[in-house]
Amino acid sequence: MTSAITSSAPSPATQTSFAGADSASLRDVGATAASLRHFLHGLAPVDPVGVEQRAAGLATRSVKRETKRTLIDLAISMVDLTTLEGADTAGKVRGLARKAVRPDPDHPDTPSAAAVCVYPDVVPVAVEALAGTGVKVASVATAFPAGRSSLEVKLADTRLAVTAGADEIDMVIDRAAFLAGDYLRVHDQIVAVKQACGTARLKVILETGELATYDNVRRASWLALLAGADFIKTSTGKIAPAATLPVTQVMLQAVRDWRSITGEQRAVKPAGGIRTTKDAVRYLVLVHEVAGPEWLDPHWFRFGASSVLNDLVMQRRTQLAGHYSGPLYVTVD
Amino acid sequence: MAQRVTVTKTCKLYIGGALARSESGRTVRVTDHQGEFMANAALASRKDGRDAVVAARKGQVAWASATPYNRGQVMYRMAEMMEGRRAELVQALRDLSGLSVARASREVDLAVDSLVHHAGWTDKLATVMGSVNAVSSPFFSYSAPEPTGVVVAAAPAEHALLGLVSALAPVVAGGNAVVLVTRAEAACVAAVLAEILATSDLPAGVVNLLTGHAAEVLPHLAAHGDVNGLDLTGVDAGLRAELGRVAAGTVKRVHVPRRPFDPEAAPGTTRLRAFLETKTVWHPTGAPSLAGGSSY
Amino acid sequence: MIHLDYAAAPEAASLGRVRERYQMFLGGEFVDGHGPDLVSVNPSDETTLSTVSSASAEDVNTAVRLARTAYEDVWSRLSGLERGKYLFRIARGIAERSRELAVLESLDNGKPIKETRDFDVPAAAQYFFSYAGWADKLQHLGYGPSPSALGVAGQVIPWNFPLLMAAWKIAPALAAGNTVVIKPAETTSLSILVLAEIMADAGLPAGVVNVLPGAGDIGAALVGHPGIDKVAFTGSTAVGKRIQTELAGTGRRLTLELGGKGANIVFDDAAVDQAVEGVVNGIFFNQGQVCCAGSRLLVQESVAEELLDRLRARVATLRVGHALDKNTDVGAVNSRAQLDKITALTQSGVDEGAQRWVSPCPLPETGLYVAPTILTDASPSMRVSREEIFGPVLTTLTFRTPEEAIAKANNTPYGLSAGVWTDKGSRAMAVAGALRAGVVWNNTFNRFDPAAAFGGYGESGFGREGGPYGLAAYLDTDDEGVL
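These numbers were taken from a predicted model, which means no experiment stands behind them.

Asker: Could you clarify how one ought to interpret the overall build of chain B in this entry?
Answerer: The helix and strand inventory of chain B stands at 10 helices and 12 strands. For 296 residues, the compact-globule estimate of 2.2 N^0.38 gives 19 Å, and the C-alpha radius of gyration of chain B, at 21 Å, lies within 12% of that figure. With the C-alpha coordinates aligned to their principal axes, the bounding extent of chain B is approximately 95 × 40 × 35 Å. Sorting the 296 residues of chain B into buried and exposed places 49% on the buried side. Nonlocal contacts in chain B, meaning residues at least 24 apart in sequence, comprise 76% of its contacts between residues at least 6 apart.

Structure representation (structure tokens):
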């Protein structure tokens, strides 16, 4: 008998059992409330202890030297530098934009952040400050963060940002509808916002802390992907818990499986609670091992954060200088 | 050479992991057994009791969510810390009651050993006091002990150290938080115990120490709606019945010992069991598939 | 696209404080034995690690005599509380020297530092800590107010979890009041000798524990010794049978923890990603060199293809490498003899018609490595479905109904462990109830705790370790014919 070593590449057509669909049937899933519900409730379950065990295991990866330097730079280039406060003045936004372009004035070779993320009414300020820099302007929309208003208002909010020049829109899903089981409503809102985005990329915030279970996170991820999300994003950052490694793991599995079935790659963004370089590196290890190296790119993965950028810059300086840096050596913009 | 002036200690209450004066600002003059001044010890008020219960409730959540192994390690750490403070405790006991070095040392021995003994219980309660139940229906059923929550305990007057430790150890080993009341005269012993607790990785609020008048503080605690259990071991006979009646208003678990406190006796399990609830859970099992026939 | 290489992240070998030579621990002293020196090899790169002085048959006699004296004159006269306090000290000692022990164990055994650091050593400390607390609570076991120890225990342990197996044997024996003579595996004697140092530093009275390095002949001399009251053996089923044969009719108590061919059963409603993790953990943890490994995957046919696709993709991310690299997931196998056996058995599977998939992961150039392997299309009659491979090789079979899964899982003389993956609680409980295995893991695998009993059915051995059951094995609980 000859030995046969079978190919390890999964063939998309066979990805039917656990996800319950193939590429063709996915197109029709969002057509009716019943088919959508049937699909989402037919997804494979998530065992919380198992998820958390895997995330904890991956967090013990030891990343050193050149790999660490690479990941620090990558993480910096993946930051959506964010300010979402009632007190955000034009001055504050301009300061943030400058920081995003040049995170470390003493080391001009430091990568720029991926984007600046602000409220819709200050998008014009960000657009002007970032013109020609390559740093994107992302805007929250759809009555962020609670998402409690009419569809009409949410779309107007979106158009406000898009018209002002936002490259990316971070919308929130209707959690009340989701938790009440009205998945079609959630789906159709995302479709409508996606349309209003035009060429802007759409990030769909699931607000995982309110979804409360990993099964809901999995369902909401698939729901958003079906509705056309370019990014699935964990949180608004306004409530706890925000992003966690296990929640992000479930979302990375969703985009990985989505690609297995459809051949399309979609993006992921954890937001909130990512404070240190250590946190950021753990997320990148998770991306690498759960989704795959193709996601290690700012086009496919972002960090919604603000304070982590300074820690990344400090760690970058430490790697270069060979001794620990300090907070007085990084700017507060 | 002139004798060095020492720095005297302020004896405070221990609530929520912090050493604090009474909110009432009151103190009691504490003297040694020969009448010499030792300290102005904080005298706990009703409101201190209330604050201690709040702290205990918060601490109990953290304590109960720790693993049994971790709880055992923390209690063993308490024993380590107490062993290290042996000299100080012996001195405090001698100052308080005029005990000989041998007797005071023996009390410290027993207190440390009680902590070690109870540290070893934390991961065995389910084994010894729980069960899988051989029910006559297609269900998996188990009964497991769970902590009752917040317990108020009064420490016996004699055996200032051992009384406190034997009150707190079984309660805490079971996953409960405790508010301990001891007489103000024993404040200097209680102060060292508080320091030991504070350096043992015990979550804040798991043990709270109030030095005060039992008759003043305990009735409020016995009536308190957020206290689950009451240990009357250290309470005088006359007060016991009254406190028991007050506690009945919220159906507290009340422990009254049947025998006088004997320091040399083995700890037993009565106080351990007194502050444990039992939860019974049922889950369907039956046959793995149709081939096994109906379970009913 | 970035390919993450996780630059080498080695734990420093020097932390293991490896000595040129280790001695036996006899009567509280480190002394030279009268047997030939053993050479300890580092499986990660096949370099020589150290030499170990081994015992002769005469040393076994001495050890048993010293253990008996220690039992009669000292250990049996101590209260349970006092015995317990020694064990607490030892537990703390292990925790304090945990980094040293983890590095040493990885060097000596070949298993990844990630595992010794995060599992083997902390678990060893926990076993001592937990059993310390039993020493003064024997009256709560249900064997009367004052159950007595058996006397002197002779213990033989394997090379797959050297320190942890030492803890599993020594802690309950001492807690119950016995003294111990223990022989580690000849390829892994180092960590137990550091444990002996910890015990000596803890003030454990001389002769209470004696550690005799040696090969199979010394193990045989120990378990056959008439001065031993109780034998505890963990190792292969073949040797276990020989020991049981020898002890027959002698009245000496025996517990055996032998081999296994654990079934990991995945149903169609399993939490699939976690099931994949569980299968991976079940067969690749400790390089598959575990008696309770989930070495047979039983997957429901309707989801088999997809599960295997996911499994192969996941296994391909496992990093095989030097034990001290903190990112190594799968280390070296323990010896050349083991490696040859794994290779031969795996080949037999291919020869008998199974399909072989080998992970494309890179392997180090030196050292004893086997790439993670998955055999599919196996049938129950193949050798790879019935015999313990004891390596990172998974045999896959399919089933259609729960009854068939149970029948196939039980279709083995072994009966140590099983895994059940289903989201339906009643099925998990029903299948667990029907499996003839001493340990059933529902929606998890390889979970161990000193509070939970562990041991097998059938040719996986008898007796349990852990929990009150593990303690009872070292007590005189025989109440037959007693009023």
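So much for the structure itself; the text now carries on.
Asker: It is not clear to me how the overall build of chain C should be interpreted in this structure. Could you clarify?
Answerer: If you tally the helices and strands in chain C, you get 15 helices and 18 strands. Its C-alpha atoms give chain C a radius of gyration of 22 Å, within 12% of the compact-globule value 23 Å for 483 residues. For chain C, the spread of C-alpha atoms along the three principal axes comes to 65 × 55 × 35 Å. Among the 483 residues that make up chain C, the fraction classed as buried is 62%.

Asker: Would you mind going over the pairing of strand 3 (residues 27-31) of chain B with me for this structure?
Answerer: Residues in a regular strand point their side chains to alternate faces of the sheet. All names here are of chain B. Sheet analysis places strand 3 next to strand 4 (residues 37-42), joined by 5 bridges and oriented antiparallel. Paired with Val-30 across the two strands is Ala-39, which belongs to strand 4. The loop that links strand 3 with its antiparallel partner strand 4 comprises 5 residues; one of these, Gly-35, has a positive phi angle of about 90°.

Asker: What is the right way to read the sheet that holds strand 2 (residues 115-118) of chain A from this model?
Answerer: Note: strands within a sheet are paired through backbone hydrogen bonds, in either parallel or antiparallel orientation. All names here are of chain A. The strand order across the open sheet formed by 8 strands is 7-6-5-4-3-2-1-8, and the pairing between neighbours is parallel. Each having just a single partner strand, strand 7 (267-269) and strand 8 (303-305) make up the two edges of the open sheet. Pairwise comparison of adjacent strand axes, ignoring direction, gives a mean angle of 25° for this sheet. Note that strand 4 (residues 168-172) and strand 5 (residues 201-205) share 5 bridges and pair parallel. By the bridge assignment for strand 5, Ile-169 is matched with Leu-202. Contacting strand 2 and strand 3 (136-140), helix 6 (residues 123-130) crosses the sheet at an angle of about 170° to strand 3. Set on the sheet, helix 9 (residues 183-197) makes contact with strand 4 and strand 5; between it and strand 5 the angle comes to about 150°.

Asker: Sorry, what's going on with the sheet that holds strand 12 (residues 296-300) of chain C here?
Answerer: Residues and elements named next belong to chain C. Strand order in this open sheet of 7 strands is 13-14-15-12-11-16-17, and the pairing throughout is mixed. The outermost strands of the open sheet, each flanked by one partner alone, are strand 13 (355-358) and strand 17 (439-442). Adjacent strand axes in the sheet meet at a mean angle of 20°, parallel and antiparallel pairs treated alike. Looking at chain direction, strand 16 (residues 417-421) and strand 17 are connected through 4 bridges and run parallel. Paired with Val-420 across the two strands is Asn-442, which belongs to strand 17. Helix-sheet contacts for helix 10 (residues 301-315) involve strand 11 (263-266), strand 12, strand 13, strand 14 (373-376) and strand 15 (393-399), and the interaxial angle to strand 12 is about 135°. Against the sheet, helix 13 (residues 402-410) engages strand 11, strand 12, strand 15 and strand 16, with an angle of about 145° to strand 15.

Asker: How should the interface of chain C and chain B be read in this particular structure?
Answerer: Interface size is commonly expressed as the accessible surface area that is lost when the partners come together. Between chain C and chain B, the contact holds 28 residues from the first and 23 residues from the second. Residue assignment for the side of chain C that touches chain B shows that the elements contributing at least two residues are helix 2 (80-96), helix 4 (113-132), helix 13, helix 14 (425-434) and helix 15 (467-472) of chain C. A per-element tally of the side of chain C that touches chain B places helix 14 of chain C first, with 8 residues.

Asker: Help me understand the domain arrangement of chain C, please; the structure alone is not making it clear to me.
Answerer: Residues and elements named next belong to chain C. If you check the domain split of chain C, you get domain 1 (13-258 + 460-472) and domain 2 (263-449). Taken together, the 23 residues of domain 1 in the interface contact 25 residues of domain 2. Of all the secondary-structure elements, those providing two or more residues to the side of domain 1 that touches domain 2 are helix 3 (98-109) and helix 4. Each residue belonging to the side of domain 1 that touches domain 2 can be placed in one class, and the counts come to 9 nonpolar, 8 polar and 6 charged.

Asker: Where do I start with the interface of chain A and chain C in this structure?
Answerer: The interface of chain A with chain C comprises 36 residues on the first partner and 37 residues on the second. Every element with two or more residues in the side of chain A that touches chain C is listed here: helix 3 (48-58), helix 4 (65-77) and helix 13 (277-291) of chain A. Residue classes in the side of chain A that touches chain C are distributed as 14 nonpolar, 13 polar and 9 charged.

Asker: Teacher, can you tell me more about the arrangement of the chains here?
Answerer: Taking contact number as the criterion, the leading pair out of 2 pairs of chains in contact is chains A and C. Kept free of each other, chain A and chain B leave a smallest C-alpha distance of 15 Å between them.

Asker: I'm lost on the packing of helix 3 (residues 86-97) of chain B against helix 7 (residues 187-198) of chain B in this one. Help?
Answerer: Describing two packed helices takes the angle between their axes plus the distance from one axis to the other. All names here are of chain B. Where helix 3 meets helix 7, the axes come as close as 8 Å, and the angle between the chain directions of the two elements is 165°. Accordingly, the angle class assigned to the pair helix 3 and helix 7 is roughly antiparallel. Crossing of helix 3 over helix 7 shows left-handed handedness. Residues Glu-88, Leu-89, Ala-92, Leu-93, Asp-95 and Leu-96 of helix 3 form the contact with helix 7, whose own contacting residues are Cys-188, Val-189 and Val-192. Class assignment of the residues belonging to the contact of helix 3 with helix 7 gives a composition of 7 nonpolar, no polar and 2 charged.

Asker: Explain helix 6 (residues 160-173) of chain B here, please?
Answerer: Since there are 3.6 residues in each turn of an α-helix, residues three or four apart along the chain are aligned in direction. For helix 6 of chain B, which comprises 14 residues, the first-to-last C-alpha distance of 20 Å matches the rise-based estimate of 20 Å (1.5 Å per residue) to within 8%. Taking burial as the measure, the 14 residues of helix 6 of chain B include 14 buried ones, the bulk of the element.

Asker: Please explain unusual backbone geometry as it appears in this structure.
Answerer: Across the chain, the bulk of peptide bonds are trans and the bulk of non-glycine residues have phi less than zero. Cis geometry is adopted by the peptide bond preceding Pro-145 of chain A, which originates at Phe-144 of chain A and carries an omega value of 0°. Tracing the backbone shows Pro-145 of chain A in the loop between strand 3 and helix 7 (151-163). The amide bond that connects Ala-240 of chain A to the next residue, Pro-241 of chain A, takes the cis arrangement and shows omega of -5°. Here Pro-241 of chain A is to be found in the loop between strand 6 (231-233) and helix 12 (245-262). Notably, Asp-201 of chain B is not glycine yet its phi reads approximately 60°, a positive angle. By secondary structure assignment, the location of Asp-201 of chain B is in the loop between helix 7 and strand 9 (207-211). Taking the C-beta count within 10 Å as the criterion, Asp-201 of chain B has 13 such neighbours and is therefore assigned partly exposed. In this model, Glu-46 of chain C sits at a positive phi of 60°, which is unusual for a non-glycine residue. Locating Glu-46 of chain C in the fold gives a position in the loop between strand 4 (38-42) and strand 5 (47-52). The class for Glu-46 of chain C is partly exposed, based on 14 C-beta atoms found within 10 Å.

Asker: What exactly am I supposed to notice about the packing of helix 3 of chain C against helix 4 of chain C here?
Answerer: Residue and element names in this part refer to chain C. The contact between helix 3 and helix 4 brings their axes to 9 Å, and the two run at 125°. As far as their axial angle goes, helix 4 and helix 3 are oblique. Relative to helix 4, the crossing made by helix 3 is right-handed. Of the residues in helix 4, those in contact with Ser-98, Leu-101, Ala-102, Val-103, Glu-105 and Ser-106 of helix 3 are Ile-113, Thr-116, Arg-117, Asp-120, Val-121, Pro-122 and Ala-125. Split by residue class, the contact of helix 3 with helix 4 holds 7 nonpolar, 3 polar and 3 charged.

Asker: Quick question: what am I supposed to make of the confidence of the model for chain C here?
Answerer: As a general rule, the predicted coordinates of low-pLDDT regions are not to be interpreted in detail. With 99% of its residues at a pLDDT of 70 or more, chain C shows a mean pLDDT of 96. The ipTM for the predicted assembly is 0.93, set against a pTM of 0.94.

Asker: What exactly am I supposed to notice about the environment of Thr-51 of chain C here?
Answerer: All names here are of chain C. With respect to the helices, strands and loops of the structure, Thr-51 is situated in strand 5. With 16 C-beta atoms packed within 10 Å, Thr-51 lands in the partly exposed category. Residues in contact with Thr-51, not counting those within four places in the same chain, are Glu-20, Arg-21, Asp-37, Leu-38, Val-39 and Ser-40.

Criteria and thresholds
Residues numbered from 1 in each chain as written. Chains lettered and ligands numbered in written order. Predicted model: local features only at pLDDT ≥ 70, side-chain atom pairs only at ≥ 80, totals over all residues. Helix = DSSP H or I, 4+ residues; strand = E, 2+ residues; numbered from the N terminus. Rg over C-alpha atoms; globule rule 2.2 N^0.38 Å. Buried ≥ 20, exposed ≤ 12 C-beta atoms within 10 Å, placed from the backbone. Contact = placed C-beta atoms within 7 Å. Pairing = 2+ DSSP bridges. Axes fitted to C-alpha atoms, helices over the stretch in contact; angles between N-to-C directions. Domains from an automatic or database assignment. Nonpolar A, V, L, I, M, F, W, Y, C, P; charged D, E, K, R; others polar. Parallel < 35°, antiparallel > 145°, perpendicular 65-115°, else oblique. Left-handed = near helix turned anticlockwise from the far one by under 90°. Expected span 1.5 Å × (residues − 1). pLDDT = per-residue confidence, 0-100.

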